[in-house]
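Below are the chains, spelled out letter by letter.
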Amino acid sequence: MRGIVAYVITSLDGSVDDPTRCFPPDVDPDKPQPPTFDDVLIERETALIGQQDAVLLGRHMYDEWSRYWPTSDEQPFADFINGVTKYVVTSTPLTTQWGDAEAVQGPLADIVRDLKALPGNNIGVHGSIQLAQSLLAEGLVDELHLAVAPVLDPEGRRLFDGLPELQRLTLVSATPTPGGALWLVYRPAAPVS
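Source: prediction; values computed, not measured. (Residues numbered from 1 in each chain as written. Predicted model: local features only at pLDDT ≥ 70, side-chain atom pairs only at ≥ 80, totals over all residues. Heavy atoms only, no water.)

**Q** What is the right way to read unusual backbone geometry from this model?
**A** Only a minority of non-glycine residues have a phi that is not negative, and only a minority of peptide bonds are not trans. Each neighbour pair has its own omega, and for Gln-75 with Pro-76 the value is 10°, a cis peptide bond. Positionally, Pro-76 belongs in the loop between helix 3 (59-68) and helix 4 (77-83). One non-glycine residue with positive phi stands out, namely Ser-128, at about 45°. Structurally, the position occupied by Ser-128 is in the loop between strand 5 (122-126) and helix 6 (129-137). (Helix = DSSP H or I, 4+ residues; strand = E, 2+ residues; numbered from the N terminus.)

**Q** In this structure, what is going on with the side chain of Ser-128? I would like to understand it.
**A** For Ser-128, a relative accessible area of 4% gives the class buried. Residue contacts for Ser-128: discarding those within four places in its chain leaves Leu-56, Leu-57, Gly-58 and Met-61. (Buried < 20%, exposed > 50% of the residue type's maximum accessible area, 1.4 Å probe, protein only. Contact = heavy atoms within 4.5 Å.)

**Q** I would appreciate a short explanation of the nonpolar core in the present structure.
**A** Nonpolar side chains tend to gather and get buried jointly when the protein is soluble and globular. If you look at the biggest cluster of nonpolar residues, it comprises 26 residues, and the most contacted ones within it are Leu-56, Val-125, Leu-135, Leu-146 and Leu-159. The greatest single-element share of this core, amounting to five residues, is contributed by helix 6. (Core = buried A, V, L, I, M, F, W, Y, C linked by side-chain atoms within 4.5 Å.)

**Q** Looking at this model, I keep getting lost on the layout of surface pockets. Mind explaining?
**A** Once rolled over the atoms, a probe with the size of a water molecule shows which space is left empty. Approximately 1,200 Å³ is the volume found for the largest pocket. The wall of the largest pocket is formed by 37 residues, among which Ile-9, Pro-19, Trp-65, Trp-69 and Gly-127 lie closest to the centre. When residues of the lining of the largest pocket are traced back to their parent elements, those giving at least two are strand 1 (4-11), helix 1 (19-22), helix 2 (39-49), helix 3 and helix 6. In terms of residue count, the dominant contributor to the lining of the largest pocket is helix 3 (six residues). Broken down by class, the residue content of the lining of the largest pocket amounts to 20 nonpolar, ten polar and seven charged. The calculated volume of the second largest pocket comes to roughly 190 Å³. In terms of lining residues, the second largest pocket is bounded by 15 residues, among which Leu-136, Gly-139, Gln-167, Leu-169 and Pro-188 are the most central. Those elements that place two or more of their residues in the lining of the second largest pocket are helix 6 and strand 8 (182-188). No other element matches the three residues that strand 8 contributes to the lining of the second largest pocket. A breakdown of the residues in the lining of the second largest pocket according to their chemical character gives ten nonpolar, two polar and three charged. (1 Å grid on protein atoms, 1.4 Å probe; cavity = no way out; pocket = protein on both sides within 12 Å on 5 of 7 lines; lining within 4 Å. Points joined across faces, edges and corners; volume = space filled by probe spheres on them. Nonpolar A, V, L, I, M, F, W, Y, C, P; charged D, E, K, R; others polar.)

**Q** What's the story with helix 3 in this structure? I'm lost.
**A** Every α-helix winds through 3.6 residues per turn, so residues three or four apart in the chain are directed the same way. All of the buried residues along helix 3 are Arg-59, Met-61, Tyr-62, Trp-65 and Ser-66. Angular distribution of buried residues about the axis of helix 3 spans 150°; they occupy a single face of the element. Helix 3 presents His-60 and Arg-67 as exposed residues on the side facing more than 90 degrees away from its buried surface. (Arc of directions from axis to C-beta.)

The analysis is restricted to geometry; functional conclusions fall outside its scope.
See below:
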């Protein structure tokens, strides 16, 4: 059965709004080097998206990404996101055409149930922080992947803000990278009986 797999780039203290603050794309060689999105992170991301044939996006992220990714050469994500089926959680029609995109609406639990019932591979949630927060709050994420940068960032939203209650997770794997980052994978913990 398909799963909902959320992937978030975050600072060590949980800031998730701007991945370029965690892993800057342009580096000044005359200054101390910031963390880089190194080969291990790229390898993990490539493996993750290789298991997905659809993504669930919030409307704001869809509108922003539909202007950026069609002309981007940032691989491997550009080919993936441009070619994958995109389900956009929105109450209004999509105004920008971007590949195979479909507006979906209704309660999140119903949307997730219906998408998971379709044949296919996992459904990714990339970016779309508000959507990821809502999915986490409702217990609808089957697996959570965090690319954790070795930085502290006082700016931006925190992924886990607004959770209604304590949620226990099981660590599936923790992969350190040469640049000092971590790739963490969690699943919901089995309920205590």
